[in-house]
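Single-letter residue listing:
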Amino acid sequence: LSINDAMSLRTRLLSREGGEDTYTVNVDKGIDGLRSKLSWMIREGMTFQNAVFTTHGNRGAIHFGAEYIIAETWYAKFHGSGYSRLFPFKDTKLYFAGCNVAEGEYGWRFLEAAARTLLAMSGGVAIGWTSLGFGSPFSGHIRHLWGDTRQVMIIPGGDGAALRFFENWKRVDDGVNRPS
């Protein structure tokens, strides 16, 4: 699944196009537009192994035009709405390709909220960058020339989910607390 912010000409130019094995969603109506498209996919019975969110980003946020999703937005507008049914596979990866999405404490909180919201049913990993990215208008790919990737893994369980925190795929939590 490829989800693109399509609210401005610049972001439309950098949008990823789907191949024959990728379903592409261009969101042009902000957060409500994203929710509407996700809900439609659930009603259609669609499921996905992985997803890439290609948007502008900031420390702990992705943008759809002038609207942004932060940890609190995942919980207030998406959590408990069944969106995790889109990702029923235990090794799902959600990649947030925006700049600085995973930077600092807000970045950890964003990735955790996305994982708890979209991967609660079967588990998986939410991934983001701690640096600026540079988009190619020719390939549509975003390149991060420095910085780290951060990952939050959610492991569902009968008595609640377990979380694991990684930086560049090396575990950085103490098993109890989110890293700072």
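Residues numbered from 1 in each chain as written. Predicted model: local features only at pLDDT ≥ 70, side-chain atom pairs only at ≥ 80, totals over all residues. Heavy atoms only, no water.

Draft legend 1. Structural view of the overall build of the protein. Along the backbone of the protein there are four helices and 13 strands. Counting all 180 residues of the protein, 47% fall into the buried class. Within the protein, counting contacts between residues at least 6 apart in sequence, those at least 24 apart form 62% of the total. Taken as a whole, the protein presents about 9,000 Å² of accessible surface, with 50% of it coming from carbon and sulfur. (Helix = DSSP H or I, 4+ residues; strand = E, 2+ residues; numbered from the N terminus. Buried < 20%, exposed > 50% of the residue type's maximum accessible area, 1.4 Å probe, protein only. Contact = heavy atoms within 4.5 Å. Areas by Shrake-Rupley, 256 points an atom, 1.4 Å probe, with all protein chains shown as cover.)

Draft legend 2. A look at the pairing of strand S5 (residues 61–64). Because side chains alternate across S5, one face comprises the buried residues Ala61 and His63, and the other comprises Ile62 and Phe64, equally buried. Between strand S4 (residues 56–58) and the antiparallel strand that follows it, S5, lie two residues; glycine 60 among them carries a positive phi value of about 75°. When S5 meets strand S6 (residues 67–69), the two strands line up antiparallel, connected through three bridges. The residue bridging phenylalanine 64 from the neighbouring strand is glutamate 67, located in S6. (Pairing = 2+ DSSP bridges.)

Draft legend 3. Spotlight on helix H2 (residues 30–43). For H2, with 14 residues, the first-to-last C-alpha span of 20 Å sits near the 20 Å given by 1.5 Å per residue. Within the sequence span of H2, burial applies to Gly30, Ile31, Gly33, Leu34, Leu38, Met41 and Ile42. Of the surrounding secondary structure, the elements contacted by the buried residues of H2 are strand S1 (2–5), strand S2 (24–27), S5, S6 and helix H3 (71–78). Positive backbone phi, approximately 80°, marks glycine 45, located one or two places after H2. (Expected span 1.5 Å × (residues − 1).)

Draft legend 4. Expanded view of the side chain of serine 84. Looking at the element boundaries, serine 84 is found in the loop between H3 and strand S7 (92–96). Judged by relative accessible area, which is 12%, serine 84 ranks as buried.

Draft legend 5. Region of the structure containing the environment of tyrosine 83. The topology assignment puts tyrosine 83 in the loop between H3 and S7. According to the relative accessible area criterion, tyrosine 83 is buried, its value standing at 3%. In the structure, tyrosine 83 is positioned 35 residues away from leucine 118 in sequence and 5.7 Å away in space, judged by C-alpha atoms. Apart from residues no more than four positions distant in its own chain, tyrosine 83 is found in contact with Arg35, Leu38, Ser39, Ile42, Lys77, Phe78 and Leu118.

Draft legend 6. A look at the pattern of salt bridges. Applying the stated criterion across every chain, the model contains seven salt bridges. In this structure, glutamate 105 and arginine 178 form a salt bridge, with 2.7 Å as the shortest nitrogen-oxygen distance. Of this pair, glutamate 105 sits in helix H4 (residues 104–118) while arginine 178 sits in the segment after strand S13 (170–171), and the two are 73 residues apart along the sequence. Close ionic contact of glutamate 112 with arginine 178 constitutes a salt bridge, the shortest N to O distance being 2.8 Å. With glutamate 112 in helix H4 and arginine 178 in the segment after S13, this pair connects stretches of sequence that are 66 residues apart. Judged by its relative accessible area of 8%, glutamate 112 is buried. Through salt bridges with shared partners, a single ionic network connects Glu105, Glu112, Arg116 and Arg178. (Salt bridge = Lys/Arg side-chain N within 4 Å of Asp/Glu carboxyl O.)

Draft legend 7. Molecular detail of the nonpolar core. Ile3, Phe53, Ile62, Ile69, Trp74, Phe87 and Phe96 are the most contacted members of the largest nonpolar core, which totals 38 residues. Aside from chain neighbours lying at most four places away, what touches isoleucine 62 is Phe53, Thr55, His56, Gly57, Glu67, Tyr68, Ile69, Trp74, Phe96, Val101 and Phe110. (Core = buried A, V, L, I, M, F, W, Y, C linked by side-chain atoms within 4.5 Å.)

Draft legend 8. Here's a closer look at unusual backbone geometry. Even without being glycine, asparagine 100 reaches a positive phi, approximately 60°. Positionally, asparagine 100 belongs in the loop between S7 and H4. Even without being glycine, tryptophan 169 reaches a positive phi, approximately 65°. You can see tryptophan 169 is positioned in the loop between strand S12 (162–167) and S13.

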